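For reference, the chains in residue letters:
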Amino acid sequence: MSVFCVVALITILQGIAGFGVATLCNIKLAPRFFVPLCFLLGVAVFSLVPLCMQLLFVPFTFFNTALALLLACVLVNVKLKTGINHVNTMFSGSRFTMRLYELPFLLVITAIVLISVWRCFYLPPTPRDITSGTEVMAEYAVKEKTMINSIFTVDLQRNNNHYKSSFVTGLQIIYKLAGLPFGQVWLSVIFISFIVFLYHAVCATLHRVFAGLLVIAFLAVPEMYGYTFMVLFDYSNAVFFFLSFYFLAMYFEDRQAKHLLFAGVLMGMATYIRSETLLLALLTAPAILLNQLKNAKKWVGGVKPILVFLAPSGFIYLFFMNVFINHYMPAQYNVGALVRQHLYNVRPLLNIFLQVNSQLIFSGDGVGLYGWFIFLFCALFLAELLFVRKFTPNARNFLFGVLVIYIGLPIIGFILPIFDVENTTKRGLFKIFPLMLLYMANSSLLTGISRRLTAWENK
Amino acid sequence: MLLVLGVALITGFFLLPPNSAWLKDRIVAYYRDFGWQKNKMGIEQRMANRFLGSYTYSKQISSFFEQKKIKPIATVLVPPTDYFTLHGIDYHVPEPLVFYYYTGLHTVWPNSPYAQNAHWYVHVTNRKIMIDSITNRAAYSDTLKALNKFNIRL
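Residues numbered from 1 in each chain as written. Chains lettered and ligands numbered in written order. Predicted model: local features only at pLDDT ≥ 70, side-chain atom pairs only at ≥ 80, totals over all residues. Heavy atoms only, no water.

## Regarding the overall build of chain A
Of regular secondary structure, chain A possesses 21 helices and zero strands. The C-alpha atoms of chain A give a radius of gyration of 22 Å, which matches the 23 Å a tight globule of 459 residues would have. Going through the 459 residues of chain A one by one, you find that 59% of them count as buried. (Helix = DSSP H or I, 4+ residues; strand = E, 2+ residues; numbered from the N terminus. Rg over C-alpha atoms; globule rule 2.2 N^0.38 Å. Buried < 20%, exposed > 50% of the residue type's maximum accessible area, 1.4 Å probe, protein only.)

## Regarding the overall build of chain B
Check the secondary structure of chain B and you find six helices and four strands. Taken from N to C terminus, the helices and strands of chain B fall in the order α-α-α-β-α-α-β-β-β-α. The burial tally for chain B puts 44% of its 154 residues in the buried class. Partitioning the intrachain contacts of chain B with sequence separation of at least 6 by distance along the chain shows that 65% fall at a separation of at least 24. In the structure as shown, chain B presents an accessible area of about 8200 Å², 58% of it carried by carbon and sulfur atoms. (Contact = heavy atoms within 4.5 Å. Areas by Shrake-Rupley, 256 points an atom, 1.4 Å probe, with all protein chains shown as cover.)

## Regarding the interface of chain A and chain B
Between chain A and chain B, the residue contacts involve 53 residues of the former and 47 residues of the latter. When chain A packs against chain B, the two sides together hide about 4500 Å² of surface, and 72% of this comes from carbon and sulfur. Considering only the surface of chain A that becomes buried against chain B, Tyr122, Asp155 and Arg158 of chain A emerge as the three largest contributors, covering 15% of it. Taken together, the connections running from chain A to chain B amount to two salt bridges. Inspection of the region where chain A meets chain B yields 14 residue pairs in polar contact (both at pLDDT 80 or more). Sorting the residues of the side of chain A that touches chain B by element identifies helix 5 (103–122), helix 6 (128–144), helix 9 (208–219), helix 10 (222–226) and helix 21 (444–457) of chain A as the ones contributing at least two each. (Buried area = accessible area lost by both parts, 1.4 Å probe. Salt bridge = Lys/Arg side-chain N within 4 Å of Asp/Glu carboxyl O. Polar contact = N/O pair within 3.5 Å; in protein donor to acceptor, adjacent residues only side chain to side chain.)

## Digging into the side chain of Thr169 of chain A
Note on placement: Thr169 of chain A falls in helix 7 (residues 166–177). Those residues in contact with Thr169 of chain A that lie beyond four places of it in its chain are Thr134, Met137, Ala138 and Met147 of chain A.

## Considerations on the nonpolar core
Soluble globular proteins tend to bury their nonpolar side chains together. Core analysis: the largest hydrophobic core is formed by 188 residues, its most contacted members being Phe46, Tyr235, Phe242, Tyr246, Phe247 and Phe433 of chain A. In terms of residue count, helix 11 (residues 233–254) of chain A provides more of this core than any other element does, 16 residues in total. Beyond its immediate stretch of four places on either side in the chain, Tyr246 of chain A contacts Phe33, Phe197, Ala201, Phe398 and Leu438 of chain A. Formed by 28 residues, the second largest nonpolar core is a distinct cluster that contains Phe64, Tyr91, Tyr140 and Leu144 of chain B. (Core = buried A, V, L, I, M, F, W, Y, C linked by side-chain atoms within 4.5 Å.)

## A few points about a nonpolar patch on the surface
A contiguous nonpolar surface patch, about 710 Å² in accessible area, is contributed by Phe96, Met98, Leu100, Leu103 and Leu107 of chain A together with Leu3 and Val7 of chain B. Mapped by element, the contributors of at least two residues to the nonpolar patch are helix 5 of chain A together with helix 1 (2–15) of chain B. Inspection of the secondary structure assignment puts Met98 of chain A in the loop between helix 4 (80–92) and helix 5. (Patch = residues over 30% accessible without salt bridge, like charges linked within 9 Å, V, L, I, M, F, W, Y side chains within 5 Å.)

## Some words on the sheet that holds strand 3 (residues 120–125) of chain B
All names here are of chain B. Pairing in this open sheet of four strands is mixed, and the strands run 2-1-3-4 from one edge to the other. A single partner strand is all that each edge strand has here, and the edge strands are strand 2 (106–108) and strand 4 (128–133). Within this sheet the neighbouring strands show an average axis-to-axis angle of 35°, counted without direction. Examined bridge by bridge, strand 3 and strand 4 share six bridges and lie antiparallel to one another. (Pairing = 2+ DSSP bridges. Axes fitted to C-alpha atoms, helices over the stretch in contact; angles between N-to-C directions.)

## Section: the packing of helix 6 of chain A against helix 5 (residues 96–103) of chain B
Direction vectors running N to C along helix 6 of chain A and helix 5 of chain B enclose 40°, while the axes themselves pass 9 Å from each other. It follows from the interaxial angle that helix 6 of chain A and helix 5 of chain B lie oblique. The crossing of helix 6 of chain A and helix 5 of chain B is left-handed. The segment helix 6 of chain A lies against helix 5 of chain B, with Thr131, Ser132, Glu135, Val136, Glu139, Tyr140 and Glu144 of chain A engaging Leu97, Val98, Tyr100 and Tyr101 of chain B. (Parallel < 35°, antiparallel > 145°, perpendicular 65-115°, else oblique. Left-handed = near helix turned anticlockwise from the far one by under 90°.)

## Regarding the domain arrangement of chain A
All names here are of chain A. By domain assignment, chain A separates into domain 1 (1–86 + 103–152 + 159–231), domain 2 (238–330) and domain 3 (334–459). Opposite the 19 residues of domain 1 that make contact, domain 3 presents 24 residues. Surface buried jointly by domain 1 and domain 3 totals about 1900 Å² across both partners, of which 77% is contributed by carbon and sulfur atoms. Among the residues domain 1 hides against domain 3, the three largest losses belong to His207, Leu214 and Glu223. Together they make up 28% of the total. (Domains from an automatic or database assignment.)

## As for the packing of aromatic side chains
Here the structure, examined in full by the defined rule, presents 54 aromatic pairs over all chains. Taken together, a centroid distance of 5.2 Å and an interplanar angle of 20° make the contact between Trp118 of chain A and Tyr122 of chain A stacked. Highlighted residues: Trp118 of chain A and Tyr122 of chain A, both in helix 5, separated by four residues, approximately one helical turn. We classify Trp118 of chain A as buried; its relative accessible area is 15%. The ring of Phe34 of chain B carries the charged tip of Lys38 of chain B above its face, separated from the ring centre by 5.8 Å. Directly above the aromatic system of Phe121 of chain A lies the positively charged group of Arg46 of chain B, at a separation of 5.2 Å from the ring centroid. (Phe/Tyr/Trp six-rings, centres within 6.5 Å; stacked < 30°, edge-to-face > 60°. Lys NZ or Arg CZ within 6 Å of the ring centre and 35° of its normal.)

## Digging into unusual backbone geometry
All names here are of chain A. The backbone phi angle of Arg255 is positive, close to 60°, even though this residue is not glycine. By the element assignment, Arg255 lies in the loop between helix 11 and helix 12 (257–273). Even without being a glycine, His342 presents a positive backbone phi close to 55°. Relative to the assigned elements, His342 resides in the loop between helix 14 (300–327) and helix 15 (347–361).

## Observations concerning the pairing of strand 3 of chain B
Relative to strand 3 of chain B, strand 1 (residues 75–77) of chain B is paired through two bridges, and the arrangement is parallel. For Leu77 of chain B, the partnering residue across the bridge sits in strand 3 of chain B and is Tyr121 of chain B.

## Description of the domain arrangement of chain B
Parsing chain B into structural domains produces domain 1 (2–38) and domain 2 (43–147). On a C-alpha basis, the centres of domain 1 of chain B and domain 2 of chain B stand 42 Å from each other.

## Observations concerning helix 5 of chain B
In terms of burial, helix 5 of chain B is largely enclosed, as eight of its eight residues are buried. What helix 5 of chain B keeps buried is the set Pro96, Leu97, Val98, Phe99, Tyr100, Tyr101, Tyr102 and Thr103 of chain B. Buried residues along helix 5 of chain B sit in contact with helix 6 of chain A together with helix 3 (43–68) and strand 2 of chain B. Directly after helix 5 of chain B, the chain includes Gly104 of chain B, whose backbone phi takes a positive value near 80°.

Structure below.
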């Protein structure tokens, strides 16, 4: 019971912190989107608190950390009054509805989510990348009150995992200090909030029968589901990458600068979690340029939105890799040494691209890893291409996101050979699934059928 | 009508081969695991259940130093996994940082530049894990040479 109370308290604080960030960025959404978004943003804010404490040499005692978290909640809520007014407007204009036929879907989704939450709480962090990196750092940070601790006295040859993002380390420190020996439960907060957000995003365009089925299909992507209770960087990275694209699509639609900036901030968070996301952010830039060109009819103006979008990612990358890792942590990390030599020879790029397709996507192993989800996407895409021959603007946006991942991951693998197909690309592909889901939710075929079903239902 | 359609769609989805396997091998199996997991809440039990021999053998090695009260200053050479397999012991040897996470003990691989600094070494005699202090440096160098013939698997 006490553990439940502790988790509930931290989660509420995360909600408050996320609310502050959303208010600061002037993000206004319906409650069904806004509430899960606040929790996701709150987890992001909390992950940065131990990093800031470390930079200021504040020891990780229970008192210091609790105080720092409360302070963070207060600091990001400087526009509390505006936020409360917004919430009042938001909730007064919305009402919760649920149809009876949603129930079987929601029950299945709940059953799938609950067992993930249990395993997340019960099992210790398992992946080697974590136990030989951020988890051991967090464990000894709690014991020795600093991230620069005795793990640096251990033989670290053949290991670069302690250089990885302190996103996981920070959250693990908070949850371990709160009395959860394996930390990890923050991943369930991300998972649940993300599924709630996705469900409503799909429901916004599709009939709830299709929405329920598609979300179940998304949850049943075997490899991705496994990482909803095994802490690693990729699931969280996929969530923030998706959110960035979601708000970028919103910017393309309404041209409000706040949505572009918010998309940039979320991409920055994704880059903080996995630094190579910066390359994917760069690959996203042409979409912004095209959109700018379409609307403003000039190239020059297109540079500014690109800079707004990329600046948070660039800043976080430079700060974390160059300042925190190389000038603060006791061991040096030479990223340059990881870059492939002879980048002008693109044959390996082609090989990696073919390998990703033949091993991970269009193969028996691929079905084992990702189920039928990719094939469902491909079938719908082809059907739309052949029979409708027109994509809705939103479907185009998410298709572009799918393309960024599809070609971006092999490019990253080409530039950084350490980014292998069997492990890193396999998990990197998690980013493609929510984008595929939202493409399907916006496809004119499914939305057309949904409209007919709704019309029949309302007769 | 839509309720029936919903149930039919969910049933159909989980009848597809990879989905039914996922449901059976993951979700249903996880709920079955929950039955016994909820009665085994000890941290050591949970660690041992998750990491199996990798954890239990590492703790066994570490407890030797705890009993002798020499743990903080000991650096221990642990042979690679293949060495233990050859001697009939199913022990996936964790790398030094993971070993440190499990036990708080400093270990080194035989191929490490720090292997020469080890004070103790682990070996197998009569299918039992033994720990000895390094007294004869020449003999220890031979041991290192022999152990370096084994591949190190992470």
